[in-house]
Amino acid sequence: MNVIQSAPYSALSMYIGGEFVSENGRKTEPVFNPADDTVLGNLPHATTQDLDRALDAASRAFDKWRWTSPLERSRILRRVAELIRERANVIARDLTRDQGKPLSESVNEVYSAADHAEWHAEEGRRIYGRVIPSRSPSVRQAVVRQPVGVCVAFAPWNFPFNQTLRKISAALAAGCTLVIKPAEDAPSAAVALAKLFHEAGLPHGCLNIVWGVPAEISDYLIRSPIVRKISFTGSIPVGKQLAALAGAHMKRVTMELGGHSPVIVFGDADVGRAAALLAKLKALNAGQVCMAPSRFYVHKTILDEFTEAFTKAFSTQVLGDGLDQTTTMGPLAHKRRVDAMELLVADARNRGASIVTGGEKLPRSGNFFPPTVLFEATDDSKVMRDEPFGPIAPIASFSDVDEVVSRANALPYGLASYIFTRSLQTSHYVSARLEAGMVSVNHFGIALPETPLGGVKDSGIGSEGGSETFDAYVTTKFISEETA
Ligand code: NAD
């Protein structure tokens, strides 16, 4: 066991009104290491009184934070970015322990979150209104954008540091305060963030972090009259439930939901380069990425060449504990994801696909499922219809551009999509027609702080990142002044 592995897992708590709130007789739930099923710590659940205190703290803090200058808000977010970079290794170590991804991926996630904090610090100073020329010289017509109020957010377990930080940064930079319930499965990231914001001098109550039974917490918080906006990243069924509840109370939503990203590899693509890049992307976080390439449509003229090159690159992953330096792919975050992988493989095989590599859970403790390639998966198989959210790559062939666009658009998902071609004409034609919030051509070019991330159709509403990030956190107010 090396020094990193032997260091203790950080203590878990909530963060309410500027105080770190630990167990103290509250109900708790165990947090597991998905690499070996050991218990890392116990997470306190919020009582109803805790939720009320968090809402009250956020509401009182909003009265001041909304009038705090964007420059001062920016200063705090910049300081958080500095602290993130200083503490990256310790944060990443705990992130690997409770989430499972290899340490190098956790370090990348943490550094990328620092970039997000910094970018929001800058962009938050540019939430401009406008002046509209009036019909009378004595009237001034102005449009101002004001923070929407207290927000609640629900962040997922697959990128628990980055996704939690994105939601916090967007809300705070816009002048809102928030109560956030990150994912209970991988909680160390959010606790680390609370400490960093606390140390950076964020006024108490601007950020509150609570844990509990997700459905109970979301139901209570969304119904609260204090709350004006909801942000959720997670699965489509849960997103629809939360959006419906928010709609019933006329509250804004940002929904970043699941995807089933089509990859279209045309006959003129650089096959070796596409296969190598896609194998790397597919292995990232063991495939538990909402924008992971997940349905592979390969032109029939290069089908065998692509399948061979992709399988060679994808199957060489070294599976293991993320803290082991030789590991390139960690376990799945939960046992339920392993069960889901087994069902998808069995269904695809029954419908005629062949298994090129992988396909069965590894016979060891922890939630390990190997890189799996399914050849000639049929369009009606579950794995081609339901987001796999795991290390499975189903490959199918196509022969015509309009046919493949129609197959890519046939599902209710619309998050990311990928095209590989050397033809500018094909790139323009297909990227204009894909029903997706993001299209990346010949590379992986999405999820940067300065670019919008979001989906269409069932994949969500609104964007996180890019200047669009603030749209859901501000209201538009029109002020018409007679000055004579
Ligand atoms: P799930 O539907 O059980 O849960 C998804 C997330 O939502 C979890 O973080 C969970 O804690 C939370 N959640 C569940 N019910 C909730 C409720 N009523 N109120 C508030 N939060 C609630 O699915 P899962 O097995 O945990 O994850 C797999 C699925 O989740 C995937 O199919 C994928 O679509 C989705 N997912 C998407 C993202 C993303 O980045 N868009 C991230 C994580 C998970």
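Scroll up to find the structure this text is about.
The following refers to the structure shown. (Residues numbered from 1 in each chain as written. Predicted model: local features only at pLDDT ≥ 70, side-chain atom pairs only at ≥ 80, totals over all residues. Heavy atoms only, no water.)

1. A closer look at the site of the ligand
Piece 1. For the ligand, the set of nearby residues contains 22 residues, the closest of which are W157, S218, S235, R336 and E387.
Piece 2. Take P214: an N or O atom from its main chain is 3.4 Å from a nitrogen atom of the ligand.
Piece 3. Here a nitrogen atom of the ligand and a backbone polar atom of E256 are 3.4 Å apart.
Piece 4. Protein coverage of the free-state accessible area of the ligand, which is 800 Å², stands at 86%.
Piece 5. Within the shell around the ligand, the residues separate by chemical class into 10 nonpolar, eight polar and four charged. (Near = heavy atom within 4 Å. Polar contact = N/O pair within 3.5 Å; in protein donor to acceptor, adjacent residues only side chain to side chain. Areas by Shrake-Rupley, 256 points an atom, 1.4 Å probe, with all protein chains shown as cover. Nonpolar A, V, L, I, M, F, W, Y, C, P; charged D, E, K, R; others polar.)

2. Some thoughts on a negative patch on the surface
Piece 1. Together, D304, E305, E308 and E376 make up a region of like negative charge exposed at the surface.
Piece 2. By secondary structure assignment, the location of E376 is in the loop between β15 (372–375) and α12 (382–385). (Patch = residues over 30% accessible without salt bridge, like charges linked within 9 Å, V, L, I, M, F, W, Y side chains within 5 Å. Salt bridge = Lys/Arg side-chain N within 4 Å of Asp/Glu carboxyl O. Lys, Arg positive; Asp, Glu negative; His and termini not counted. Charge placed at Lys NZ, Arg CZ, Asp CG, Glu CD. Helix = DSSP H or I, 4+ residues; strand = E, 2+ residues; numbered from the N terminus.)

3. Things to note about the pattern of salt bridges
Opposite charge on two side chains allows them to pair when their charged atoms are near.
Piece 1. With the rule as written, the count across this model stands at 27 salt bridges.
Piece 2. Where D380 meets R351, a salt bridge forms, and the shortest distance between an N and an O atom there is 3.4 Å. Separated by 29 residues along the polypeptide, D380 in the loop between β15 and α12 and R351 in the loop between α11 (335–350) and β14 (354–357) bring together distant segments of the chain.
Piece 3. Looking at D380, the relative accessible area reads 40%, which means it is partly exposed.
Piece 4. One salt-bridge network, in which partners are shared between bridges, spans R26, D50 and R53. (Buried < 20%, exposed > 50% of the residue type's maximum accessible area, 1.4 Å probe, protein only.)

4. A short note on the pairing of strand β4 (residues 39–44)
Piece 1. Direction of pairing for strand β3 (residues 28–32) relative to β4: antiparallel, over a ladder of five bridges. Of the residues in β4, the one forming a bridge with V31 is G41.
Piece 2. Linking two consecutive strands that pair antiparallel, namely β3 and β4, is a turn of six residues; a positive phi of about 65° is found at D37 within it. (Pairing = 2+ DSSP bridges.)

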